[in-house]
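# Reading the structure
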Amino acid sequence: MTQVTAMFVMFILYGVLPAAGLYLGYRGIKKVTAPKMLEYKAMPQLGYIPEKSLPIEVKTLLAEINQKGEKLRVIYGDTNNDGKIDDTDTVTETYIMIQNLMDKHIPQAVADYRRLHDLEGARADTTKIRHSEVTGKEALLEVLGTVNRQFDDLLDASYHQDGQKLLVTNRYLQQRFDTPATRNDSVKAPDIVINEQALSDKSESQV
C-alpha cells in the first residue's frame, strides 16, 4: 500500500465516516424531537401546523371539515362525472363558495387565532374579546362550527338530489319496459290460440 493510498484510507476512516455519523445522528435526533405537525390535504393553505398549537376541539372540527370539504369538491366540482375536476367542468356558485371557505376563510380564521395564542398565550382561551361574549378560542370554534354545519347541509342536499334522480330513473324504466311487455303479451296470446286451432284443423283433415 502506497503512502497516498494509506492517507486516503485514513481520511475516509477518521474524517468522512465520523462526520457522516454525526450528521445522520443529528438528523435522527431532530426528527424524533420535532413537534408533530398537522396536515389538512383538502386545505393546503393551512400548511403544516404544530399539533400542540391548536386545542383538541379545533383539531376535531378541522378534521371533519377537511373530510367533508374533499367530498363536496368532487360532488360540486366534477359536474361532468369524469372523475376529475378540470376545465371541462361547469363552474357553479356552490363550488366557488366551497373553494373560498377552504382556501381563504378557514385558513385566515386559524391564522388569526394562532397569532392571538402566540402573542397572548392562555389569554386567547380564557379572556373574552372586547364587546363580545366569547374568547378567541370560542370565536374560532363558532367560525368552524358554522362552516361544518353548512357542509352538512350541502352533503344532505346532494344526497336527496341524487336520490330523487334515482327514483325518477326507476319510474322511467318501469314505464319504458313494463308497459310494452304487457302489451306484447296481449298481442301474442291470440297468435298462440290461432296456431293451436290451425294444428287442430290440420289433424282433422288428415284423419
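Just above sits the structure.
Report follows, based on the coordinates.

Cut-offs applied
Numbering of residues begins from 1 in every chain and follows the order in which that chain's sequence is written. Where local features are concerned, this predicted model is filtered to residues with pLDDT of at least 70; where side-chain atom pairs are given and counted, the filter is 80 or more; whole-chain, interface and lining totals use all residues. In computing side-chain properties, one takes all heavy atoms of the structure into account and sets aside hydrogens as well as water. Pairing of aromatic side chains here covers Phe, Tyr and the six-membered ring of Trp, requires ring centres within 6.5 Å, and sorts the geometry by plane angle: under 30 degrees stacked, over 60 edge-to-face, intermediate tilted. Distance and angle both matter: a charge sits over a ring if NZ of Lys or CZ of Arg is within 6 Å of the ring centre and within 35 degrees of the ring normal. A helix here means a DSSP run of H or I that spans at least four residues, while a strand means a run of E at least two residues long, and both kinds are numbered starting from the N terminus. Points on a 1 Å grid, built from protein atoms alone, make a cavity when a 1.4 Å probe fits but cannot get out and make a pocket when they are open with protein on both sides within 12 Å along at least 5 of 7 lines; residues with an atom within 4 Å of a point are the lining residues. Grid points are joined across faces, edges and corners, and a volume is the space filled by probe spheres set on the points. For this scheme, ten residues count as nonpolar: Ala, Val, Leu, Ile, Met, Phe, Trp, Tyr, Cys and Pro. Four count as charged, namely Asp, Glu, Lys and Arg, and the remainder, Gly too, count as polar. Side-chain atoms within 4.5 Å link the members of a nonpolar core, which is a set of buried Ala, Val, Leu, Ile, Met, Phe, Trp, Tyr and Cys residues. Exposure categories follow from relative accessible area, calculated using a 1.4 Å probe and restricted to protein chains: below 20% of the type maximum is buried, above 50% is exposed, and the middle band is partly exposed. We call two residues contacting when some pair of their heavy atoms lies within 4.5 Å. Salt bridge, as used here, is a side-chain nitrogen of Lys or Arg placed within 4 Å of a carboxyl oxygen of Asp or Glu. Each residue after the first adds 1.5 Å to the expected span of a helix. A patch consists of residues exposed above 30% relative accessible area that lack any salt bridge, with like charges linked at up to 9 Å and nonpolar side chains (Val, Leu, Ile, Met, Phe, Trp, Tyr) linked at up to 5 Å. Here the accessible surface of atoms and residues is derived via Shrake-Rupley with a 1.4 Å probe, and residues count as covered only by protein chains that are part of the display.

### With respect to the packing of aromatic side chains
Any aromatic ring pair is given by two values, namely how distant the centres are and how the planes are angled relative to each other. Applying the stated rule across the entire model yields zero aromatic pairs. The residue whose ring lies beneath Arg176 is Phe177, and the NZ or CZ to ring-centre distance is 5.6 Å.

### Some words on the environment of Lys104
Tracing the backbone shows Lys104 in helix H3 (residues 93–120). Each C-alpha atom, one on Lys104 and one on Leu46, is 9.2 Å from the other, the two residues being 58 residues apart in sequence.

### Here we look at the layout of surface pockets
The rolling of a water-molecule-sized probe over the atoms marks out the regions of remaining empty space. Here the largest pocket defines a volume of roughly 280 Å³. The wall of the largest pocket is formed by Val74, Ile75, Tyr76, Asp78, Thr79, Asn81, Thr92, Ser158, Gln161, Asp162 and Lys165. Where the lining of the largest pocket is concerned, the elements lending two or more residues are helix H2 (56–77) and helix H5 (136–206). Counting residues per element, the lining of the largest pocket draws most heavily on H5, at four residues. The class makeup of the residues in the lining of the largest pocket is three nonpolar, five polar and three charged. By volume, the second largest pocket amounts to about 180 Å³. Taken together, Leu116, Glu120, Arg123, Ala124, Thr127, Lys128, Ile129, Arg130 and Gly136 make up the full set of residues lining the second largest pocket. Contributing elements (two or more residues each) for the lining of the second largest pocket: H3 and helix H4 (123–126).

### Considerations on the nonpolar core
Ranked by size, the top nonpolar core spans 27 residues in total, and within it Met43, Leu54, Leu62, Ile106, Val110, Leu144 and Phe151 carry the most contacts. When contributions to this core are tallied by element, the ones reaching two or more residues are H2, H3 and H5. A per-element tally of this core places H3 first, with eight residues. Leave out the neighbours within four places in its chain, and Leu62 touches Tyr40, Met43, Leu46, Leu54, Ile106, Val110 and Leu144.

### Overview of the pattern of salt bridges
Evaluated as defined, the whole model comprises six salt bridges. Notably, a salt bridge pairs Glu57 with Lys137, separated by 3.2 Å at the nearest N-O pair. With a gap of 80 residues between them, Glu57 in helix H2 and Lys137 in helix H5 connect regions that are remote in the sequence. Owing to a relative accessible area of 35%, Glu57 belongs among the partly exposed residues under this scheme. Overall, Lys137 belongs to the buried group, its relative accessible area being 19%. With a shortest N-O distance of 2.7 Å, Asp152 and Lys68 are connected by a salt bridge. One end of the pair, Asp152, is in helix H5; the other, Lys68, is in helix H2, with 84 residues separating them in the sequence. On the basis of relative accessibility, which here comes to 15%, the residue Lys68 falls in the buried class. Members of the salt-bridge network, linked through shared partners, are Glu64, Lys68 and Asp152.

### A look at H2
With 22 residues, H2 should reach 32 Å at 1.5 Å per residue; the first-to-last C-alpha distance of 31 Å fits that figure. Of all the positions in H2, only Val58, Lys59, Leu61, Leu62, Ile65, Asn66, Lys68, Gly69, Leu72, Arg73, Tyr76 and Gly77 are classed as buried.

### Description of a nonpolar patch on the surface
Together, Tyr172, Leu173 and Phe177 line one region of the surface with nonpolar side chains, adding up to about 330 Å² of accessible area. Of note, Leu173 is situated in helix H5. Take Leu173: its relative accessible area is 37%, and that puts it in the partly exposed class.

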